[in-house]
Each structure stands twice: as structure tokens, then as C-alpha cells.
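Structure at a glance
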Amino acid sequence: MLLATYNGAQYLPDQLDSLLAQTYENFRLLVSDDGSSDATLAIVDRYRSRFGKRLVVVAHPCRGGGVIKNFENLMATSLRDGVARWVAFADQDDVWLPHKIERCVEEMRHLEGACGTSLPCLVHSDLAVVDDGLRPIAKSFAKYQHMDPQQCSPVSLLSVNQVTGCTMLVNRALLEMALPLPPETVMHDWWCALLSGSGRRRFVAEPLILYRQHGSNQVGAKNRGLGTRLWRLLTNGQGVIRRVRALGAATYLQALALQARLKASGQDGAYVSEYLAWRRQPLWARLRAYRRYYAGPELDRLSRCLLWFK
């Protein structure tokens with residue numbers, strides 16, 4: 001299990017307690033800190049006796065590099081020491097329900113049992129959205145975001161990530177293919193989700209995590225109802241357009257990086273080449289097929305088609 005921390009003292013004890021309460025106990029917790037100035041490391045140290053040898057603090061050579069570098073440090077450490085068969089990503093501010101690891105491991109065993117351990121495999125689940133005091137906001141993150149992770153395809157994942165990193169369990173084959181993370185990586189979990197397109201991915205349609213929403217979320221849950229989206233556009237239209245266009249440019253570069261990684265790994269990247277060719281087409285041509293490539297609410301789909309260029 002990989003836990004990336006940074007100034008997380010306020011919520012970290014709840015997360016660590018939830019990890020100790022897991023029904024599946026055969027795990028190690030690797031912790032990498034990005035240079036916290038609060039009590040984060042003191043809290044981790046306080047929990048050492050309760051975790052015993054299962055807790056390992058990993059030195060971070062690039063402190064201050066942000067969340068992607070922090071998780072990459074953990075991923076590389078896990079791959080290098082060769083102990084873990086599977087790897088789960090953990091955020092410092094969530095709370096895992098007691099059977100979270102057990103359910104994901106069960107599904108991973110089924111995946112690898114069907115296709116072997118040499119293919120990249122990924123399991124992820126739904127989440128329950130809660131506020132900073134763990135009070136319920138939405139029973140299902142997927143429904144709250146108007147997403148359908150069960151139906152998203154490798155090609156639609158190139159534009160919209162519907163695989164939430166803090167629910168994710170990946171096997172060693174995927175971890176090997178993921179590293180090193182390319183500079184074009186938008187987020188480490190999105191990159192892993194993309195690589196699962198060359199292997200197997202399974203969605204557990206039940207919430208296994210309390211996904212805490214607060215003012216410091218790196219990536220949070222937003223209400224994506226039509227009224228809310230239109231209100232954001234009316235009140236901050238320029239900001240919305242700027243963010244949409246920036247994401248469009250980033251997804252194109254990330255897809256190019258994926259194409260190169262699949263080629264280097266000897267994997268079939270035809271669907272990525274098809275996607276990139278479609279992104280280079282004029283607007284009138286892209287409008288004919290945008291629903292295939294863009295998942296999510298219709299307003300989101302149209303805005304991407306209209307505002308995302310090569």
C-alpha cells in the first residue's frame with residue numbers, strides 16, 4: 001500500500017486507523033512525505049508501534065516535487081524491493097471501509113486467474129462522498145459525477161479519467177509498465193488507468209472508501225449537474241474555458257506518451273493512434289464521432305469537442 005503525505009496532520013489519523021481496521025491484514029504500508037511542515041511525520045511515527053514492521057517510511061529524494069513525484073517515488077520503491085504482488089494507492093485524507101482491501105484483492109485474483117500475471121491488471125471501486133467531518137454528501141461518487149466507470153473504454157479513458165486513484169489496486173505487470181512516469185503524465189492514477197487498456201480492468205460497483213471533500217483536495221468531487229455546470233460557465237466563463245483548453249492540450253500529450261510506452265513494451269497501441277488521428281481532424285469531422293471518444297455528461301462532451309484542438 002502506497003501512502004503519499006504532505007501536511008496531512010488534520011485527517012491522517014482517521015486514515016491510518018481505517019487501514020489498521022482492514023479485514024485483510026497481509027499488507028505493508030509504504031509512506032513517502034513531500035516535505036511536510038506540520039505534524040504529519042510525528043503522527044506516522046506515533047503509529048509505528050501499532051503497524052509494527054508493516055509500516056515503512058520511504059526516503060523521498062525529490063521533496064517538494066508534488067503529488068505525482070511523491071507517488072512515483074513510492075511506486076519505484078515497491079517495484080525495486082520486489083515484495084508486493086499488488087499495489088494500492090492511498091490518500092492521506094480518506095477513510096477506507098474495513099473490507100476495502102479484501103474486496104479489491106478478491107477481484108484481482110479473479111482477473112489474474114483468468115488472464116495470468118503477465119498482463120497489466122487494475123481493480124477500482126466506487127466511493128461514498130463525505131464532507132470534512134465525514135458527513136454524507138453522496139452515496140455514490142460515480143453517480144454524483146454522472147460517470148459510468150463500468151462502461152468506459154480504453155479509448156474514452158484517453159480524454160476522461162473515470163478510474164479514481166485512491167480506490168485502485170494494480171498488479172506488478174502494470175507497475176513495471178508504468179515506470180518511469182513520463183513528463184506528460186497528468187496524474188499518476190490516470191496514467192495507470194490508461195495502461196490497463198492494454199490488459200484488464202474491473203470496476204467494483206460499491207463504495208469502499210469515504211472520499212473526504214475539503215478545501216485542500218488535490219482532485220475533488222464536483223457536482224456535475226446541468227444547472228451547476230451552466231452556473232459555473234456564467235459566473236466564470238473565461239476560467240472554465242481556460243481550464244478546459246489546458247486539459248485538452250495535456251491529454252493530447254499524455255496520449256502521445258502512452259503511444260510511445262505501448263510501442264516500447266511491444267503492446268498494441270492501434271486505438272491510441274486512432275484517437276490521436278481523430279484529435280487532429282477538423283471540428284466538423286470530430287463532431288460526427290465525439291461521443292465515442294468523450295465520456296460523461298453531454299455538456300462536458302460538447303465543450304471538449306469544441307474547445308480541444310490538437
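Residues numbered from 1 in each chain as written. Predicted model: local features only at pLDDT ≥ 70, side-chain atom pairs only at ≥ 80, totals over all residues. Heavy atoms only, no water.

**A few points about the overall build of the protein**
Just so we agree on the cut-off: Only runs of H or I of at least four residues qualify as helices and only runs of E of at least two qualify as strands under DSSP, and these elements are numbered from the N terminus. Only the C-alpha atoms count toward the radius of gyration. The rule for a globule is 2.2 Å times the residue count to the power 0.38. For every residue, the accessible area (1.4 Å probe, protein chains only) is compared with the maximum for its type, and the residue is labelled buried under 20%, exposed over 50%, or partly exposed between those bounds. The contact definition used throughout considers only heavy atoms, calling two residues in contact when any of these lie within 4.5 Å. A 1.4 Å probe and the Shrake-Rupley method give the accessible areas. Residues count as covered only by the protein chains that appear here. A positive count includes Lys and Arg, and a negative count includes Asp and Glu. His and the chain ends are not counted in either. Just so you know, the charge point we use is NZ for Lys, CZ for Arg, CG for Asp and CD for Glu.
Broken down by element type, the protein carries 14 helices and nine strands. Its C-alpha radius of gyration of 19 Å places the protein within 12% of the 19 Å reference for a compact globule of 310 residues. A principal-axis box enclosing the C-alpha atoms of the protein has dimensions of 60 × 45 × 35 Å. Looking at the protein residue by residue over its 310 residues, the buried ones come to 52%. Contacts in the protein between residues far apart in sequence, at least 24 positions, make up 76% of those at least 6 positions apart. Surface exposure of the protein reaches about 14200 Å², of which carbon and sulfur atoms provide 54%. In the protein, which carries 39 positive and 28 negative side-chain charges, the distance between the mean positions of the two groups comes to 7 Å.

**A short note on a nonpolar patch on the surface**
Keep this limit in mind: For patch building, the residue pool is restricted to those with more than 30% relative accessible area and no salt bridge; the joining distance is 9 Å between like charges and 5 Å between nonpolar side chains (Val, Leu, Ile, Met, Phe, Trp, Tyr). A side-chain nitrogen of Lys or Arg and a carboxyl oxygen of Asp or Glu constitute a salt bridge if their distance falls within 4 Å.
A contiguous nonpolar surface patch, about 290 Å² in accessible area, is contributed by Leu283, Leu287, Leu302 and Leu306. Mapped onto the nonpolar patch, the elements with two or more residues apiece are helix 12 (283-287) and helix 14 (298-307). Relative to the elements of secondary structure, Leu287 occurs in helix 12. Note on Leu287: relative accessible area 36%, which makes it partly exposed.

**Topic: the side chain of Ser159**
This is how the line gets drawn: Counting of polar contacts relies on pairs of N or O atoms within 3.5 Å, with two restrictions inside protein: one atom must be capable of donating a hydrogen and the other of accepting it, and residues adjacent in sequence are counted only when both atoms are side-chain atoms.
For Ser159, the position within the fold is in the loop between helix 6 (141-144) and strand 8 (169-171). Reaching out from Ser159, the side chain makes a polar contact with the side chain of Tyr275 at a distance of 2.7 Å.

**With respect to helix 11 (residues 270-279)**
We count it as follows: As used here, the arc is the angular range of directions from the helix axis to the C-beta atoms.
Here helix 11 has its buried residues at Tyr271, Val272, Tyr275, Leu276, Trp278 and Arg279. The buried residues of helix 11 occupy an angular sector of 160 degrees when the element is viewed end-on, so they sit on one face.

**Details of the packing of aromatic side chains**
The line we're drawing: Under the pairing criterion, centres of Phe, Tyr and Trp rings, with the six-membered ring standing for Trp, must be within 6.5 Å; the plane angle then separates stacked pairs below 30 degrees from edge-to-face pairs above 60, leaving the rest tilted. To sit over a ring, a charge needs its Lys NZ or Arg CZ within 6 Å of the ring centre and within 35 degrees of the ring normal.
In this structure the tally under the stated criterion is eight aromatic pairs. Centre to centre, the rings of Tyr47 and Phe51 are 6.5 Å apart; their planes meet at 45 degrees, and the pair counts as tilted. Exposure class is identical for Tyr47 and Phe51. Each is buried. Centroid distance Tyr275 to Trp278: 6.5 Å. Interplanar angle 35 degrees. Geometry classified as tilted. Taken together, the residues Tyr275 and Trp278, both in helix 11 and three residues apart, mark about one turn of the helix. Across this residue pair, the class does not change: Tyr275 and Trp278 are buried. Here Arg54 stacks its cationic end above the ring of Phe27, 4.7 Å away from the centre of that ring.

**Some thoughts on unusual backbone geometry**
Backbone torsion omega between Leu179 and Pro180 reads -10 degrees, so that peptide bond is classified as cis. Within the secondary structure layout, Pro180 lies in the loop between helix 7 (172-178) and helix 8 (188-195). The backbone of His146 shows a phi angle near 55 degrees, a positive value even though the residue is not glycine. Mapped onto the fold, His146 is located in the loop between helix 6 and strand 8.

**Side note on the pattern of salt bridges**
Here the structure, examined in full by the defined rule, presents 16 salt bridges. Between Asp17 and Arg50 there is a salt bridge, and its shortest N-O distance comes to 3.3 Å. Within this pair, whereas Asp17 is found in helix 1 (residues 12-20), its partner Arg50 is found in helix 3 (residues 48-51), the two being separated by 33 residues in sequence. For Asp17, a relative accessible area of 32% corresponds to the partly exposed category. What makes Arg50 partly exposed here is its relative accessible area of 49%. Notably, a salt bridge pairs Arg85 with Glu112, separated by 3.4 Å at the nearest N-O pair.

**A closer look at the nonpolar core**
The cut-off we apply is this: Each nonpolar core is a collection of buried residues, namely Ala, Val, Leu, Ile, Met, Phe, Trp, Tyr and Cys, held together in the definition by side-chain atoms within 4.5 Å.
One finds Met75, Phe89, Leu158, Trp191, Cys192, Leu258 and Tyr275 to be the most contacted residues of the largest nonpolar core, which totals 47 residues. If you list the elements that add at least two residues to this core, you get strand 1 (2-5), helix 4 (67-81), strand 4 (86-91), helix 7, helix 8, helix 10 (237-264), helix 11 and helix 13 (290-293). Of all the elements, helix 10 adds the most residues to this core, at seven residues. Grouped together as the second largest cluster of nonpolar side chains are 38 residues, Leu16, Ile101, Val123 and Leu127 included.

**Let's talk about helix 5 (residues 100-115)**
Definition in use: Helix span, as expected, comes to 1.5 Å for every residue beyond the first.
With 16 residues, helix 5 should cover 22 Å at 1.5 Å per step; its first-to-last C-alpha distance of 23 Å lies within 8% of that length. Those residues of helix 5 that sit buried are Lys100, Ile101, Arg103, Cys104, Val105, Glu107, Met108, Leu111, Glu112 and Cys115. Tucked inside the fold, the buried residues of helix 5 contact strand 4, strand 5 (95-96), strand 6 (121-130), strand 8 and strand 9 (200-212). Just beyond helix 5, the residue with positive phi is Gly116, at close to 90 degrees.

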